[in-house]
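In case you want the letters, here they are:
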Amino acid sequence: MPPLLDIRELRVRFGATEAVRGVSLQLDEGEVLGLVGESGSGKSASALAILGLLGPSALVSGRILWQDSDPGNQAMIDLLRQPPNALRQVRGRQIAMIFQEPMTALNPVMSIGRQVAECATAHAPSWTGREAKRKAIAALEAVAIPEAASRYGDYPHQFSGGQRQRILIAMALINRPRLLIADEPTTALDVTVQAQILDLLAQLQREHGLAMLFISHDLAVVGQVASRVAVLRSGEVVETGPSARLLTAPVHPYTRSLLAAVPTLRTPRDQPLAVVRSKQPVSTLDTPRTG
Ligand SMILES: Nc1ncnc2c1ncn2[C@@H]1O[C@H](COP(=O)(O)OP(=O)(O)OP(=O)(O)O)[C@@H](O)[C@H]1O
Ligand SMILES: [Mg+2]
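What you see is a predicted model; the values in this text were computed from it and never measured. Counting from 1, residues in each chain are numbered in the order their sequence is written. Following the order in which they are written, the chains are lettered starting with A and the ligands numbered starting with 1. Where local features are concerned, this predicted model is filtered to residues with pLDDT of at least 70; where side-chain atom pairs are given and counted, the filter is 80 or more; whole-chain, interface and lining totals use all residues. Here the side-chain values reflect all heavy atoms present in the structure, with hydrogen atoms and water set aside.

Student: Could you give an account of the sheet that holds strand S8 (residues 211–216), naming the residues involved and the relevant values?
Tutor: Where strands meet in a sheet, backbone hydrogen bonds hold them as pairs that are either parallel or antiparallel. Strands qualify as paired when DSSP identifies two bridges or more between them. Secondary structure elements follow DSSP: runs of H or I of four or more residues count as helices, runs of E of two or more count as strands, with numbering from the N terminus. Strand order in the open sheet formed by six strands is S6-S7-S8-S3-S9-S10, and the pairing between neighbours is mixed. Sheet topology places strand S6 (95–98) and strand S10 (236–242) at the edges, where each strand pairs with a single neighbour. If you compare each strand with its neighbour and ignore which way they point, the axes differ by 15° on average. The pairing of S6 with strand S7 (residues 179–183) spans four bridges and is parallel. In the sheet register, isoleucine 98 faces S7, and the bridge partner there is alanine 182. Axes here mean lines fitted to C-alpha atoms, for a helix over just the part in contact, with angles spanning 0 to 180 degrees between N-to-C directions.

Student: Which residues make up the packing of aromatic side chains, and what are the values?
Tutor: Only Phe, Tyr and Trp rings take part, Trp by its six-membered ring, and two of them pair if their centres are within 6.5 Å. Stacked means planes under 30 degrees apart, edge-to-face means over 60, and tilted covers everything else. For the structure on display, the rule yields zero aromatic pairs. Two conditions define a charge located above a ring, namely a distance within 6 Å from the ring centre to NZ of Lys or CZ of Arg, and an angle within 35 degrees of the ring normal. Geometry around tyrosine 152 places lysine 133 over its ring, the cationic atom sitting 4.8 Å from the centre. For arginine 151, the ring lying beneath its charged end belongs to phenylalanine 159, and the centroid distance is 4.0 Å.

Student: I'd like a description of unusual backbone geometry, backed by residues and values.
Tutor: Residues other than glycine seldom take positive phi values, yet glutamate 9 does so here, at roughly 50°. Residue placement: glutamate 9 occurs in strand S1 (residues 5–14). In this scheme, a residue with accessible area under 20% of its type's maximum is buried, one over 50% is exposed, and one in between is partly exposed, where area comes from a 1.4 Å probe on protein chains only. Using a relative accessible area of 43% as the deciding quantity, one classes glutamate 9 as partly exposed. With a phi close to 50°, glutamate 147 is a non-glycine residue in the positive phi region.

Student: Explain the pattern of salt bridges to me, and be specific about the residues and the numbers.
Tutor: The term salt bridge refers to a pairing of a side-chain nitrogen on Lys or Arg with a carboxyl oxygen on Asp or Glu at a separation within 4 Å. Here the structure, examined in full by the defined rule, presents twelve salt bridges. The partner of arginine 151 in a salt bridge is aspartate 154, with the nearest N and O atoms 2.9 Å apart. Accessibility assignment for this pair places arginine 151 and aspartate 154 in one class, buried. Ionic pairing is found between glutamate 239 and arginine 245, a salt bridge with its closest N-O pair at 2.8 Å. Overall, the relative accessible area of 7% leaves glutamate 239 in the buried class. Linked by salt bridges that have partners in common, Glu9, Arg11 and Glu18 make up one network.

Student: Go over the side chain of arginine 164, please, and point to the residues and values.
Tutor: Mapped onto the fold, arginine 164 is located in helix H6 (residues 161–173). The term polar contact refers here to a pair of N or O atoms within 3.5 Å; inside protein, the definition further demands a hydrogen-donor-capable atom paired with an acceptor-capable atom, and it admits residues adjacent in sequence only when both atoms are side-chain atoms. In terms of polar contacts, arginine 164 uses its side chain to reach the backbone carbonyl oxygen of phenylalanine 159, at 2.8 Å. Once residues within four sequence positions are removed from consideration, arginine 164 is found in contact with Pro102, Met103, Leu106, Pro156, His157 and Phe159. Residue contacts follow a heavy-atom distance rule, with two residues in contact if any of their heavy atoms lie within 4.5 Å.

Student: How would you summarise the nonpolar core if you had to cite specific residues and measurements?
Tutor: In this text, buried Ala, Val, Leu, Ile, Met, Phe, Trp, Tyr and Cys residues form a nonpolar core when linked through side-chain atoms within 4.5 Å. In this structure, Ile167, Ile169, Leu180 and Phe214 are the most contacted members of the largest nonpolar core, which totals 49 residues. Looking at this core element by element, the count peaks at seven residues for H6. Those residues within four positions of isoleucine 167 in sequence are excluded, and the remaining contacts are Leu106, Ile112, Val116, Leu140, Ile145 and Phe159. The next biggest cluster of nonpolar side chains, apart from the first, holds 35 residues, and it includes Ile7, Leu10, Ile95 and Ile181.

Student: Lay out the packing of H6 against helix H7 (residues 191–208) in plain terms, naming residues and giving numbers.
Tutor: In contact at an axis separation of 10 Å, H6 and H7 are set at 15° when each is read in the N-to-C sense. With respect to their mutual orientation, H6 and H7 come out roughly parallel. When you trace H6 past H7, the crossing you get is right-handed. Together, Gly162, Gln165, Arg166, Ile169 and Leu173 of H6 and Val193, Gln196, Ile197, Leu200, Leu201, Leu204 and His208 of H7 make up the contact between the two elements. Tallied by class, residues from the contact of H6 with H7 come to seven nonpolar, four polar and one charged. By definition in this entry, angles of less than 35 degrees are roughly parallel, angles greater than 145 are roughly antiparallel, angles of 65 to 115 are roughly perpendicular, and the rest are oblique. Each helix crossing is assigned a hand: it is left-handed if the near helix lies turned anticlockwise from the far helix by less than a right angle, otherwise right-handed if that turn is clockwise. Classification convention: Asp, Glu, Lys, Arg as charged; Ala, Val, Leu, Ile, Met, Phe, Trp, Tyr, Cys, Pro as nonpolar; all other residues, Gly among them, as polar.

Student: How would you explain the sheet that holds S1 if you had to name every residue and give the values?
Tutor: What the four strands build is an open sheet, ordered S2-S1-S4-S5; its pairing is antiparallel. Each having just a single partner strand, strand S2 (17–27) and strand S5 (76–78) make up the two edges of the open sheet. Ignoring which end each strand starts from, the neighbouring axes of this sheet average 10° apart. Where helix H1 (residues 43–50) meets the sheet, its contacts fall on S1, S2 and strand S4 (58–67), and the angle it forms with S1 comes to roughly 115°.

Student: Tell me what's going on with the side chain of glutamate 38, and back it up with residues and numbers.
Tutor: Locating glutamate 38 in the fold gives a position in the loop between strand S3 (32–36) and H1. The side chain of glutamate 38 is buried and forms no salt bridge, while arginine 233, the nearest opposite charge, is found at 6.5 Å. A distance of 3.1 Å separates polar atoms of two side chains, one belonging to glutamate 38 and the other to tyrosine 254. Counted charges follow a simple rule, with Lys and Arg positive, Asp and Glu negative, and His plus the chain ends left uncounted.

Put into C-alpha cells, the structure is as follows:
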C-alpha cells in the first residue's frame, strides 16, 4: 500500500533564502505525523508547498506525491505538477489546512455560519442554502460551539480565541478531507484552551480516520497528538521516529536541545531556558517571515 502522501526531496527557496532543503516525508492513511522545529526552520513553507499556496516569489522543486481519491485517477499524482483547477479540487476537499492565527484566517465581516456553509458549497455547489446551513450547524456542533444554531449569524469578534479555532476546524473538516494540515493550531491560545483544542483534534482524527500533519515548534505538544515525529532544522529533517522514542531518547543533539527548551513542572523558575543551537547564524533566523 503506497503512502497517502509521499514528499520527496522538497526544496523551497525565497530569493537567497533556502527555506526547505531536500525534505522527504511519508504519511500513511489515518496516521498523525508531527513536524517540529524552531521558528524559521521551514515548517510552514513545507506545509504551504503541499497545498500550492506559496506565492510566486517561491521557487519549489522535488515531488509531492498524493494518493488521489478521484476514481478516474488511480495512481499517485504529483501535487507540484497539477494544473491550478486540479489542485483546487484536492485542496479543501481532500486536503484541508488550519492556520496558527484564527482571527486572521476568518473574514471579520461575514457571519461565521455563512463562512462555514460557504466551505461546504464551494465543493458541493448543488446544495440549497438550507442544506448548507444545516450542514454548517452540524459541523459547528461537532466542534462543540455552544448553541451553534442561535449563534450562526454572529461574527468572528463575538467568539473567544479558542472558539474561533474550533470554527476553523469545523470549516476544515466539513468536506471530510483525508488529510488535515494543522500549522501551529494552538500556539495563539492559552494553555487550558490549547489542551481542549488538542483533545478535540485527537478526537476528530480518530472518529474520521483522518491523516494529520501536525506542525508545532513545541515537541511536547507534538508528542501528545502525533504517533511519529520529524524534526526539522534549517530546512532539513535531522531526525524521524516514533514520538515516544523522540520524547524519551532523542538521538540528534538538536532534538535534545528542543526538548531541553521545553519547561516542565520540574524546571526551576529562576533557571533560564535552554537555547536551541542552530547551524544558521542568528541574522538568518531573524529574517522576516510569513508563517
Ligand atoms: N514569503 C516569504 N518570502 C520570503 N521568505 C520567506 C517567506 N516565507 C518564509 N520565508 C523564509 O523561509 C524560512 C522558513 O520560514 P517558515 O515560515 O517555513 O518557518 P516556520 O518553521 O514555519 O517558522 P514559525 O515557527 O515561526 O512559523 C524563514 O527563513 C523565512 O524567513
Ligand atoms: Mg510557521
